[in-house]
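Summary of structural features
Listed here are the chains, written in short residue letters.
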Amino acid sequence: MPTYARADLAFEKGEGPYLYAQDGRRFLDFGSGIAVNTLGHAHPHLVEALTEQAKKVWHTSNLYRIPGQEKLAARLVENTFADTVFFCNSGAEANEAGIKMLRRYQYVSGHAEKNRILVATNAFHGRTLGTLTAGYSDKYREGFGPMPDGFDRVAFGNLNELRDAITPETAGILVEPIQGEGGICKAPEGYLEGLRKAADEFGLLVMFDEVQTGVGRTGKLYAYEWSDMVPDVISSAKGLGGGFPVGALLANEKAAAALTAGMHGTTFGGNPLAMAAANAVLDEVLKPGFMDNVLAMSQLIRDGLAAIARKHPGFIAEVRGMGLLLGMKTVPTNVDVVAKLRELGLLTVPAGDNVVRLLPPLNITKTHVDEALAAIDAAAAALAQ
């Protein structure tokens, strides 16, 4: 179906941060399948883990215990605020599960009237009907109405507006700590802490959509760790499987107690193949020094972009983000910049607010950063206005 505006490229193999097209051209992948390929392509440990599991068992369903789920859940609990984890297949599914959890928590707490969720401008939470409604884009909703009810929107970063929007029907708050699709927009200082304070005051749950920010992308395992607050629930996906489809909903015991047996489920979620891939990703991401590399490479990129901005006025208006979730707000149209960079052998991803996302594998080196900056410099020379 013609649902994608695909570039005329087909890749036949990948190695580390590089992809090789069928015509032999090599591309440096600073898109990572939209922040998915945490460790690049064909990482030996991931290949080995998935291959070994494929020889054993692929699918049994959640009618039975799945040891890989138990192992992965224990590791996520050990390294986050969470007490328990639900596994699914995608970020949208994780967000749907979280929306259900926020509402049902209030229901079982004796507050069935609390069923509305506060969401933010410029948000993106997925493509299901529920997550489309929670998201901001009217374009993505066009022709799919009527949309589900139960969401109230406030300006991202505006605590006063959020507090004013809380009513006796409000169940919880759903936000991205850094908005990815919206243009790599970081929450203002104190905003996340303010959400927590408001939620505690009014008896609400706080859920972070960490589908794009999670699994080391910002230099912490999850982005909430950069704040002085702890959410009740976070959704995770994208980088968790390193390229294999997997999603997860992490929650504290208070929130998770609302979903008892039969209240939620999935056929494929948490299958042995996905769990083998995700456990292999954590093997690498949790190694000592891994996050240090993310932050070091981030600083190299930032320094290089600052130099390019000085050299080519009229190309980079602003650099945003944290860790290796970076965005260049460009003066030229971002789709033109993405296309020019692709001509120069660098793959990037557009986002809202005329931003070009730089989302390389988290294990890149200075050599890869230098190569990417050279391509960006050449694009700036060609497109600067």
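Every value quoted in this text rests on a predicted model; they were computed, and no experiment measured them.

Thresholds, definitions, all that
- Residues numbered from 1 in each chain as written.
- Predicted model: local features only at pLDDT ≥ 70, side-chain atom pairs only at ≥ 80, totals over all residues.
- Heavy atoms only, no water.
- Axes fitted to C-alpha atoms, helices over the stretch in contact; angles between N-to-C directions.
- Helix = DSSP H or I, 4+ residues; strand = E, 2+ residues; numbered from the N terminus.
- Left-handed = near helix turned anticlockwise from the far one by under 90°.
- Contact = heavy atoms within 4.5 Å.
- Salt bridge = Lys/Arg side-chain N within 4 Å of Asp/Glu carboxyl O.
- Buried < 20%, exposed > 50% of the residue type's maximum accessible area, 1.4 Å probe, protein only.
- Pairing = 2+ DSSP bridges.
- Core = buried A, V, L, I, M, F, W, Y, C linked by side-chain atoms within 4.5 Å.

1. Comments concerning the packing of helix 3 (residues 67-78) against helix 10 (residues 272-285)
- The geometry of helix 3 relative to helix 10 is characterised by a closest axis approach of 9 Å and an angle of 30° between their N-to-C directions. Every pair of crossing elements has a handedness; the one defined by helix 3 and helix 10 is left-handed. Mapping the contact onto sequence places Gly68, Gln69, Lys71, Leu72, Arg75 and Leu76 in helix 3 and Met275, Ala278, Asn279, Leu282 and Asp283 in helix 10.

2. A few points about the pattern of salt bridges
- Across all of its chains, the model carries 20 salt bridges by this definition.
- The residue aspartate 152 makes a salt bridge to arginine 116 at a minimum N-O spacing of 2.8 Å. Placement of the pair is aspartate 152 in strand 6 (residues 151-154) and arginine 116 in strand 5 (residues 116-120), with a sequence separation of 36 residues.
- Of the charged contacts in the structure, one is a salt bridge between aspartate 370 and lysine 366, with a shortest N-O distance of 2.8 Å. Placement of the pair is aspartate 370 and lysine 366 together in helix 13 (residues 366-383), with a separation of four residues, close to one helical turn.
- The exposure class assigned to lysine 366 is partly exposed, which follows from its relative accessible area of 46%.
- Salt bridges sharing common partners tie together Arg196, Asp200, Asp232 and Lys254.

3. Quick notes on the sheet that holds strand 5
- Sheet architecture is open: seven strands sit in the order 4-12-11-10-7-5-6, paired in mixed fashion. Edge positions in the open sheet fall to strand 4 (84-88) and strand 6, since each of these has one partner strand only. Neighbour-to-neighbour, the strand axes of the sheet open up by a mean angle of 20°, direction not taken into account.
- Alignment of strand 4 against strand 12 (residues 247-251), held across five bridges, turns out to be antiparallel.

4. Observations regarding the nonpolar core
- Counting 75 residues, the largest nonpolar core has Leu162, Phe208, Tyr222, Ile301, Leu305 and Ile376 as its most contacted members.
- Other than its neighbours up to four places away in sequence, tyrosine 222 contacts Leu76, Thr80, Glu210, Gly214, Val215, Ile234, Ser236, Leu240 and Leu250.
- The next biggest cluster of nonpolar side chains, apart from the first, holds 18 residues, and it includes Met101, Ile117, Leu174 and Val233.

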